[in-house]
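# Results of the structural survey
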Amino acid sequence: MKRFSCAPNDPDFVQNPYPFYDRLRAGGKMVWWEELNLPVVAGYDGVSMALRDNRFGREAPAGFEPDIPPHLRPFYDIEDHSMLELEGDRHRRLRSLVLRAFTSRRIKALVPDLEEISDDLIDRFADDCAPFDLMPAFCKMVPVRIICRLLGVPEEMSEQLLAWSNAMVAVYTPTRTRATEEAAANAATEFSGFMRDYVEARRSQPADDLITSLIAAEEDGEKLGTDELITTCILLLNAGHEATVHSLGIAVKTLLEHETSREALSDGKIDGTIEELLRYDPPLHLFQRWVYEDTRFLDQDLKRGDRIGLLLAAANRDAQAWDHPDRFDPNRKVKQNTSFGAGVHFCVGAPLARLEMRVALPKLFDRCPELALAEPPVYADTWHFHGLSQLVVKTR
């Protein structure tokens, strides 16, 4: 297995990881990334197969559970009930119950809310023509406000929810520190306490929101326990918000850089454009899997208890799967990308993320027809989450 070295916080890599991904793919079907201390897969076929292969999974096999330090226990008290981190019957039960509440009908019903939120945020843009950062003004607020409405949480809690979410997801980055871990644990404690109060209130006073639907969801006589409900709500906010913020920001950046917004976002082309945006520069770049049995995969021998890294964004730039993969082409024939995963862990929030892009992007470019970049966009040092730290634009 060939070995490669690149620090995930290297400034050049942070701003453009794709040349390094090209090197990994050229090195073989599976290669070793020194700084991650992990074998990684960067090709489309390999990543797609591994995502669907039951020899690999998110939950550590018995005897290989990582030691959780006491200061991180509050964080993992949440993670222990997350369907994202479970396999087998527990995962199937949780996912099935969540999908009974998080229906396509409920998601589609959010279109008027998304239009209203987008218009409200655009109305707040300053009229003085001065450049401003679109990330806090628009891209961060659309997802968190719609999640608030979906769950039935007051929108004035948006900033606090953002703070909790940002602190918690930071623990997944390979460059995390003890301070990062402590902040994540504190956020988990506060967030779960807030959600527990909300869940208990909805048990006695049902409303037309997702929390109430999750409480009512039942299959074969089973319902979600309170801890499962709390974790599910936190997961929906953290995963859904984090991914969509970055998707919206990167989408605006990409469209402005390629000057294709008007035509690409027309009714007949928007769905294909969204898929190409997600393929071209997705918000999540790494998904790890445990190995469940001694096996051979992609010409490499793997042992039970090993872990492998699946590079979703690298797979989306594989020339074996797409012609000219480094070219943004909104007219490209749609082929399933790996941005939302695949298999039993395919992202339950993918339809909502796509809908948010489908509503918010045309609204932004229609309302701001002269929208343009005012400064070079800057990516945040948060790999394997891939998103902009700032997107300074002008509206005329």
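## Notes on the overall build of the protein chain
The secondary structure content of the protein chain amounts to 17 helices and 15 strands. Taking 2.2 N^0.38 as the reference for a compact globule, 396 residues should give roughly 21 Å; the C-alpha atoms of the protein chain span a radius of gyration of 21 Å, in line with that estimate. Overall size of the protein chain, expressed as C-alpha extent along the three principal axes, is 60 × 55 × 40 Å. The buried share among the 396 residues of the protein chain stands at 55%. Across the protein chain, contacts joining residues at least 24 apart in sequence account for 71% of those joining residues at least 6 apart. Just so you have it, the protein chain exposes about 17500 Å², and 48% of that area is on carbon and sulfur atoms.

## Things to note about the pattern of salt bridges
Counted under the stated rule, the structure contains 32 salt bridges. Measuring nitrogen to oxygen at the nearest pair gives 2.8 Å for the salt bridge that ties Asp 119 to Arg 367. Separated by 248 residues along the polypeptide, Asp 119 in helix H7 (residues 111-123) and Arg 367 in helix H17 (residues 350-367) bring together distant segments of the chain. Overall, Asp 119 belongs to the partly exposed group, its relative accessible area being 23%. Its relative accessible area of 37% is what places Arg 367 among the partly exposed residues. Between Arg 296 and Asp 301 there is a salt bridge whose closest N-O contact spans 2.9 Å. By relative accessible area, Arg 296 is classed as partly exposed at 49%.

## Quick look at the nonpolar core
Leu 134, Phe 138, Leu 161, Val 252 and Leu 364 are the most contacted members of the largest nonpolar core, which totals 93 residues. Not counting chain neighbours up to four residues away, the residues in contact with Phe 138 comprise Ser 118, Leu 121, Ile 122, Phe 125, Ala 360 and Leu 364. Membership of the second largest hydrophobic core comes to 19 residues, among which are Met 30, Phe 56, Leu 298 and Leu 312.

## Things to note about the side chain of Thr 212
Its location among the elements puts Thr 212 in helix H12 (residues 210-216). Discounting residues that sit within four places of it in the chain, Thr 212 has contacts with Arg 202, Pro 206 and Ala 207.

## Here's the deal with the environment of Leu 134
Relative to the assigned elements, Leu 134 resides in helix H8 (residues 134-139). By relative accessible area, Leu 134 is classed as buried at 0%. Between the alpha carbons of Leu 134 and Trp 164 there is a distance of 21 Å; along the sequence they are 30 residues apart. Beyond its immediate stretch of four places on either side in the chain, Leu 134 contacts Phe 125, Cys 139, Val 252, Leu 364, Leu 391 and Val 393.

## What about the packing of aromatic side chains?
Using the criterion set out here, one finds 19 aromatic pairs in the structure. An aromatic cluster of three or more residues is present, and its members are Phe 13, Tyr 18, Phe 20, Tyr 21, Trp 33 and Trp 383. Above the plane of the ring of Tyr 18 lies Arg 317, whose end atom (NZ or CZ) is 3.7 Å from the centre. Directly above the aromatic system of Trp 322 lies the positively charged group of Lys 335, at a separation of 5.5 Å from the ring centroid.

## Details of the pairing of strand E3 (residues 38-41)
Every second residue of E3 is oriented toward a common face, with Leu 38 and Val 40 on one face and Pro 39 and Val 41 on the other, all of them buried. Between the end of strand E2 (residues 31-33) and the start of E3, which pair antiparallel, lie four residues, with Asn 37 showing a positive phi angle near 55°.

## Remarks on the packing of helix H13 (residues 226-258) against helix H15 (residues 270-280)
Close contact between H13 and H15 brings their axes to 10 Å; oriented N to C, the two are set at 100°. Between H13 and H15, the interaxial angle falls into the category roughly perpendicular. On the side of H13, the interface is formed by Ser 247, Ala 251, Thr 254, Leu 255 and His 258, while H15 contributes Thr 273, Leu 277, Leu 278 and Tyr 280. Of the residues in the contact of H13 with H15, the class split is five nonpolar, four polar and no charged.

## Side note on the environment of Val 31
Examined against the element boundaries, Val 31 turns out to sit in strand E2. Look past the residues within four positions of Val 31 in its chain and what remains in contact with it is Met 1, Lys 2, Phe 4, Leu 24, Leu 38, Pro 39 and Val 40.

## What to know about the packing of H13 against H17
At their nearest, the axes of H13 and H17 sit 10 Å apart, and the two run at 40° to each other. Of the possible angle classes, the one that applies to H13 and H17 is oblique. H17 is crossed by H13, and the crossing has right-handed handedness. Residues Thr 244, Ser 247, Leu 248, Ala 251, Val 252, Leu 255 and Leu 256 of H13 form the contact with H17, whose own contacting residues are Ala 353, Glu 356, Met 357, Ala 360, Leu 361, Leu 364 and Phe 365. Class assignment for the residues of the contact of H13 with H17 results in 11 nonpolar, two polar and one charged.

Cut-offs and rules
Residues numbered from 1 in each chain as written. Predicted model: local features only at pLDDT ≥ 70, side-chain atom pairs only at ≥ 80, totals over all residues. Heavy atoms only, no water. Helix = DSSP H or I, 4+ residues; strand = E, 2+ residues; numbered from the N terminus. Rg over C-alpha atoms; globule rule 2.2 N^0.38 Å. Buried < 20%, exposed > 50% of the residue type's maximum accessible area, 1.4 Å probe, protein only. Contact = heavy atoms within 4.5 Å. Areas by Shrake-Rupley, 256 points an atom, 1.4 Å probe, with all protein chains shown as cover. Salt bridge = Lys/Arg side-chain N within 4 Å of Asp/Glu carboxyl O. Core = buried A, V, L, I, M, F, W, Y, C linked by side-chain atoms within 4.5 Å. Phe/Tyr/Trp six-rings, centres within 6.5 Å; stacked < 30°, edge-to-face > 60°. Lys NZ or Arg CZ within 6 Å of the ring centre and 35° of its normal. Pairing = 2+ DSSP bridges. Axes fitted to C-alpha atoms, helices over the stretch in contact; angles between N-to-C directions. Parallel < 35°, antiparallel > 145°, perpendicular 65-115°, else oblique. Nonpolar A, V, L, I, M, F, W, Y, C, P; charged D, E, K, R; others polar. Left-handed = near helix turned anticlockwise from the far one by under 90°.

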